[in-house]
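Residue-level structure breakdown
Spelled out, the chains give:
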Amino acid sequence: MLSRTADHLYWMARYIERAENMARVLDVTYRMSLVPHAAHSEEDLWMLPVRIVDDVEGFERDYGAYNATNVMRYMALDERNASSIFESLASARENARSVRVAMSSEMWESVNSLWLELQQRVRNGLNEGDYSEFCEWVKSRSHLFRGVTVGTMLRDDGYMFVRLGTFIERADNTARLLDAKYQQLYGPKSGGDEESDSSGDYYEWSSLLRSVSAMEAYQKVFRDTIDAGKVAELLILRDDMPRSLHTCLDEITPILEKICADRGMECMRQAGELHAKLHFGRMNVIADTGLHEFLQDFILLNNNLGVEIQKTFLNAPIR
Amino acid sequence: MRAPDGKVRPLYNALDQWLANVSHSQLTQKAREAELLFRRVGITFNVYGEDAGAERLIPFDVIPRILAASEWQRLSDGAIQRVRALNMFLHDLYHGQEIIKAGVVPSSILTNNGYRPEMQGVDVPGNIYAHIAGIDIVRTGENQFYVLEDNLRTPSGVSYMLEDRKMMMRLFPDLFRRYSVAPVEHYPQVLLNNLRAVAQPGVQDPTVVLMTPGAYNSAYFEHAFLAQQMGIELVEGQDLFVRDNAVFMRTTEGPKRVDVIYRRIDDDFIDPLAFRADSMLGVPGLVSVYRNGGVTLANAIGTGVADDKATYTYVPEMVRFYLGEEPILSNVPTYKLELEDDCKYVLEHLAELVVKEVQGSGGYGMLVGPSSTKEQIEDFRKRIKANPGNYIAQPTLALSTCPTLVEQGIAPRHVDLRPFVLSGKTVTLVPGALCRVALSDGSLVVNSSQGGGTKDTWVLNEFQYGMQSESQEQSTC
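Criteria and cut-off values
- Residues numbered from 1 in each chain as written.
- Chains lettered and ligands numbered in written order.
- Predicted model: local features only at pLDDT ≥ 70, side-chain atom pairs only at ≥ 80, totals over all residues.
- Helix = DSSP H or I, 4+ residues; strand = E, 2+ residues; numbered from the N terminus.
- Rg over C-alpha atoms; globule rule 2.2 N^0.38 Å.
- Buried ≥ 20, exposed ≤ 12 C-beta atoms within 10 Å, placed from the backbone.
- Contact = placed C-beta atoms within 7 Å.
- Pairing = 2+ DSSP bridges.
- Axes fitted to C-alpha atoms, helices over the stretch in contact; angles between N-to-C directions.
- Nonpolar A, V, L, I, M, F, W, Y, C, P; charged D, E, K, R; others polar.
- Parallel < 35°, antiparallel > 145°, perpendicular 65-115°, else oblique.
- Left-handed = near helix turned anticlockwise from the far one by under 90°.
- Core = buried A, V, L, I, M, F, W, Y, C linked by C-beta atoms within 7 Å.
- pLDDT = per-residue confidence, 0-100.
- Expected span 1.5 Å × (residues − 1).

Across its full length, chain A holds 15 helices and zero strands. The C-alpha atoms of chain A give a radius of gyration of 19 Å, which matches the 20 Å a tight globule of 319 residues would have. Expressed along its principal axes, the backbone C-alpha trace of chain A runs to roughly 60 × 50 × 35 Å. Here chain A, with 319 residues, has 47% of them falling under the buried criterion. The contacts in chain A between residues at least 6 apart in sequence include a share of 71% that link residues at least 24 apart.

Structure follows, in C-alpha cells:
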C-alpha cells in the first residue's frame, strides 16, 4: 500500500488511542478528587495528567494553578495544547480524512461523527458536572472505532498499520501512566516493592487500575489486597491483561513479522528485543533495577521502535 | 416541469400527484434527514476565498429533475457527437493542424493559454485527450437545448450524480416504485474499464491511480469517492516519483510502477519541471515520461485549449469538419469581444447580456447583466475595455426551471445539467447527470461555489421510450 496511506492510518489509530488514554486518566483523577484523603493535595492530584504528557511547563505558563477546572480545560478541550483530547481527535480525523478510501466507510463515519459531536461539545462547553460523562464518551467512541475497525476493515496492510499504531501508542501510554503514579506516590527513587498497606494507597492503586479497566482483572488474577508491586506486575508482565506492556508487544511482534516478510528489518529486531524483556522478565529483577528506570527505558525503546517503523514503512525513501 | 401553456408535462404527472399528497413539513423533514446523512458521510466541498478551509455541504434538493428517455437520447447523442469531435480536434491541433489549414479555426488559437506546445507531435493512446468530459447543457424550451460549455480539463461533480441518487433511493423508495428510473451506479466501472483501456500498448494488467492535489482541494471528497468506488489508489504528488522513464508510487513494500493516472490536478501544477516551478503538488519529471509514452494521463495535457470559451464558438464547425455531421446540440450565440463589431454591440447592451472571462470557471469573474447593479456593470465595462480579448458575451437565456423545495414551499428554480461523457474504447454516458439548481429566486448562476445546489436527475426508463435495452448496452461497454 502507499506509504503515505499507511502513515495516515497508523497515526489516526495512535491519536484515537491517545485520546482514549487521556480520557481514562482524567476520569480517574476526577473521581479521586471526590474521595477525601490526606495523602496528597489537590495540586499533586491534578499534576499527574500533565506530568504524563510531559507538559508541566506549558501548563504552568498558560494556566498556573493545578485544579480540576484548569487541568480539565487544558487536557480536554484546549486547542493550543497538542496533547489535549481535542487536538488528538482533530489529528485523528485529519489523518482519516486524507485516506478515507483506505478504510471501510463505517470507520470513516465513526471518526467523522466523533469529530462532529466533539465540536458540538466544545460549543456547549464543559462544566464540572460533565467531566465523567465526557470522559466516558471519549472512551466509548474509541471502543466503537476499534470495534468497527476489527469488524469491518479488510485484513490488508492498512489494517495492520492501524493495529500497529494502536498498540505502540497504548504501550507508551500505559508505561507513562504507571511511571507517573509511582513517582507521585514514592518519588523518583521507588523500586516497585514498597509496602502499601495504608487505606490511602488502596484508593491510589485501585483508581489506577480502574483507569486501565483492570480492577476486576486484578481481583480475578491475584485474589489479594491491592499492592503496588502486583499492580506493576499486572500492567507490565501479564500477557492476559489487555492494556499491559507485554500484551501490546504480543500484538506488535507478529504484525511486524507479517509486514516485514523476510526482509530482515531492524524494526523486527527491536520489537523482538523489547518483547523478550517482557516475556522473560521477572518482577523482582525489575524492582532491583528500579521501576522508574525500567519504565523510562521501556518508553525510550518503544519510542525508538516507533521511529524505526516510521523510517522503514511510512516515509519510505525514494530509492 | 411545465409546458409553456402552464400544464404539467405528462412526464411529471406521477411526481405532481405525489407532491400534491405530501406536506411541506414532510418534505422539509426529508431534506433535513438528507443534510444530516450527507454531513455524517462527509460529502463536503471546500470553499476558496473567504472562510477558506471550511467544509460546506452543497445544498441538496429532494425533488428530482426528470427527463424522458427520448429527450435523454437526443442529449446523449449530441454530447457524444460533440466529444468525439473535440477529441479529433485536439489530436489534429497537436499534429497536422488540418483544421487551421482549412481556415475553419483561426491560427490565433495557437496563442491560447490552454494550448501546450509540449504536446505538439506527442501520440496518446487511442488518440483520446478528453477521457472524461462534462458538458454543461441548459434547456430553454420544449425541444430547445443549448450547450453552455464543454469541460475537458478535470470536470467534477459526478460524485453528486451518484450520491444524490443513493440519497433519493434511501429517502423515497416509494417514488422509485412509481417511476422506472434508469440506473447510474455503474459509472465507476465504466470509467475504470476506460482508464485501463488507455494504458500504453503492451502493458498487461495496468495499474491505474487517481491523483489528487490533496485533502484541501475543493473536490477532494469526489476524488476519494471515485478512487474508492474503482478500487484504485488515491495518490498525491508526493507519493509518486519518476525513474528510468517510468512513474512509480511509494508503497510499504517498495516502489510500484504506475501505468495510468486519472489526474484531478490542473496542467499548471502537475510537474514543476514542465510547468509552474513553484508547484508543490506535482511530480518532477512526470511530463517528460508522459511525452515518451511511459505513462498515460487522463485527461491528457493541453485539453484546455478546446474547452476555452473562445474556442467554444467553433465547436459546431468542428463537428461538421471532422464528422461530416450536423451538430445535434446547439451552441449559445456568442459574441467574441476580440472582434470590434461584437465588442461594440456588447458594450451597448451590457445590461441584457451575460459576460464571461474566457479562462474563467466556477462562476467566478462573470457578469449577469439583468441582475447586476449599475456599478457592477460599469466596473465590468472598464475591465472589458482594458482587455476585450479576455471576454465573451452571450444573451441571457430563459433557462428552464424545476420545482424545488424552498423555505416558503415548492417554487420553480433555474437548473442546468452536466452529463459526463466517457471516452475509452467507446464513447458513452451513463443515463444521468449532475443537475445544478440556482437556489435563490430568479438567479441564473448554478455553480456550487456560488451557493447553487444539486438535484438527482432521472431518465425515465419506461417501455414506451425503449430505454431498457439502451442502458444495458451502455453498461456492458
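In terms of regular secondary structure, chain B is built from 15 helices and 23 strands. For chain B, the C-alpha radius of gyration of 22 Å lies close to 23 Å, the compact-globule estimate for 477 residues. Across its three principal directions, the C-alpha atoms of chain B cover 65 × 60 × 50 Å. Expressed as a percentage of the 477 residues in chain B, the buried residues total 43%.

Residue and element names in this part refer to chain B. Strands sit in the order 14-17-15-16 across an open sheet of four strands; the sheet is antiparallel. Among the strands making up the open sheet, the edge pair consists of strand 14 (335-336) and strand 16 (366-368). In the sheet, strand 15 (residues 353-357) pairs with strand 17 (residues 391-395) via five bridges, with the strands oriented antiparallel. From the neighbouring strand, L353 faces strand 17, where its bridge partner is P395. Strands strand 15, strand 16 and strand 17 of the sheet are contacted by helix 14 (residues 374-386), whose axis makes an angle of about 135° with strand 16.

Moving on, we come to the interface of chain A and chain B. Opposite the 19 residues of chain A that make contact, chain B presents 19 residues. For the side of chain A that touches chain B, the secondary structure elements donating two or more residues are helix 1 (3-34), helix 5 (85-98) and helix 6 (105-124) of chain A. Top contributing element to the side of chain A that touches chain B by residue count: helix 6 of chain A, with five residues. Looking at the side of chain A that touches chain B residue by residue, the class counts come to 10 nonpolar, four polar and five charged.

Here the focus is the packing of helix 8 (residues 157-186) of chain A against helix 12 (residues 245-260) of chain A. Each pair of packed helices gets described by two things: the angle between the helix axes and the distance between those axes. Residue and element names in this part refer to chain A. Orientation of helix 8 relative to helix 12, taken along the N-to-C sense of each, is 150°, at an axis distance of 9 Å. As far as their axial angle goes, helix 12 and helix 8 are roughly antiparallel. In this structure, helix 8 meets helix 12 at a crossing whose hand is left-handed. Only L245, C248, L249, E251, I252, I255, K258 and I259 of helix 12 make contact with helix 8, whose side of the interface consists of D157, M160, R163, L164, F167, I168, R170, A171, T174 and A175. Looking at the contact of helix 8 with helix 12 residue by residue, the classes come out as 12 nonpolar, one polar and five charged.

All names here are of chain B. The strand order across the open sheet built from three strands is 8-9-10, with neighbouring strands paired in antiparallel fashion. Only two strands of the sheet have a single neighbouring strand rather than two, namely strand 8 (240-243) and strand 10 (254-258). For this sheet, the mean angle separating the axes of adjacent strands, direction not counted, is 40°.

Residues L9(A) and L86(B) are the most contacted members of the largest nonpolar core, which totals 222 residues. When residues of this core are assigned to their parent elements, the largest contribution, 16 residues, is made by helix 1 of chain A. Those residues in contact with L9(A) that lie beyond four places of it in its chain are V99(A), A102(A), M103(A), G158(A), F161(A) and V162(A).

Residues and elements named next belong to chain B. Of the strand pairs in this sheet, strand 4 (residues 132-141) and strand 5 (residues 144-151) are connected by seven bridges, and their pairing is antiparallel. Of the residues in strand 5, the one forming a bridge with R139 is F145. Remark: two residues form the turn of the hairpin made by strand 4 and strand 5, two consecutive strands paired antiparallel. Here two bridges tie strand 5 to strand 13 (residues 330-331), and the two strands are oriented parallel to one another.

Residues and elements named next belong to chain B. Here strand 22 (residues 434-437) shows a buried face lined by L434 and R436 and a second buried face lined by C435 and V437. With four bridges joining them, strand 19 (residues 409-418) and strand 22 adopt antiparallel strand pairing. Of the residues in strand 22, the one forming a bridge with R418 is L434. Across three bridges, strand 22 lies against strand 23 (residues 453-460) in antiparallel orientation. Within strand 23, the residue paired with C435 across the bridge is K455.

A few words now on the confidence of the model for chain A. Predicted confidence across chain A gives a mean pLDDT of 88, with 93% of residues reaching 70 or more. Across chain A, the secondary-structure element scoring lowest on mean pLDDT is helix 9 (residues 199-211) of chain A, at 82, and the one scoring highest is helix 7 (residues 131-152) of chain A, at 95.

What follows deals with helix 7 of chain A. For the α-helix, the turn length of 3.6 residues means that residues three or four positions removed from each other point alike. Helix length check: helix 7 of chain A, at 22 residues, gives a terminal C-alpha distance of 31 Å against a target of 32 Å (1.5 Å per residue), a fit within 8%. Check the buried side of helix 7 of chain A and you find it contacts helix 1, helix 4 (68-77), helix 5, helix 6 and helix 8 of chain A.

Moving on to the packing of helix 2 (residues 42-52) of chain A against helix 8 of chain A. All names here are of chain A. The interhelical angle for the contact between helix 2 and helix 8, taken along N-to-C directions, is 145°, at an axis separation of 9 Å. The way helix 2 lies across helix 8 gives a crossing that is right-handed. For the pair formed by helix 2 and helix 8, the contact residues are D44, L48, R51 and I52 on the first element and R176, L177, A180 and Q184 on the second. Per-class residue counts for the contact of helix 2 with helix 8 are four nonpolar, one polar and three charged.

Residues and elements named next belong to chain B. Taken residue by residue, chain B gives an average pLDDT of 87. The fraction at 70 or more is 92%. Confidence, expressed as mean pLDDT per element, reaches its minimum in chain B at helix 15 (residues 467-475) with 36 and its maximum at strand 11 (residues 260-263) with 98. Per-residue pLDDT stays below 50 along residues 49-53; that stretch engages in two contacts with residues further than four places along the chain or on separate chains. Note that pLDDT drops below 50 for residues 463-477; the model gives that stretch 21 contacts with residues more than four away or on any other chain. In the predicted complex, the global pTM is 0.80; the interface-specific ipTM is 0.73.

Here the amide bond leading from A298(B) into N299(B) is cis, since omega sits at -5°, within 30 degrees of zero. Here Q97(B), not a glycine, exhibits a phi torsion of approximately 55°, which is positive.

One can find K277(A) in helix 13 (residues 266-279). Each C-alpha atom of the pair K277(A) and D130(A) lies 41 Å from the other, and the pair is 147 residues apart in sequence.

This next bit is on the environment of F225(B). Residues and elements named next belong to chain B. Assignment of secondary structure puts F225 in helix 8 (residues 220-230). F225 sits in the buried class, given 25 other C-beta atoms within 10 Å. Spatially, the C-alpha atom of F225 lies 15 Å from that of V208, the residues being 17 residues apart in sequence.

This brings us to the environment of M1(A). For M1(A), the position within the fold is in the segment before helix 1. Judged by C-beta crowding, with 21 C-beta atoms within 10 Å, M1(A) ranks as buried. Sequence spacing of M1(A) and F313(A) is 312 residues, and the spatial spacing of their C-alpha atoms is 9.8 Å. Ignoring anything within four residues of it in the chain, the contact list for M1(A) reads A6(A), D156(A), D157(A), G158(A), T251(B) and T252(B).

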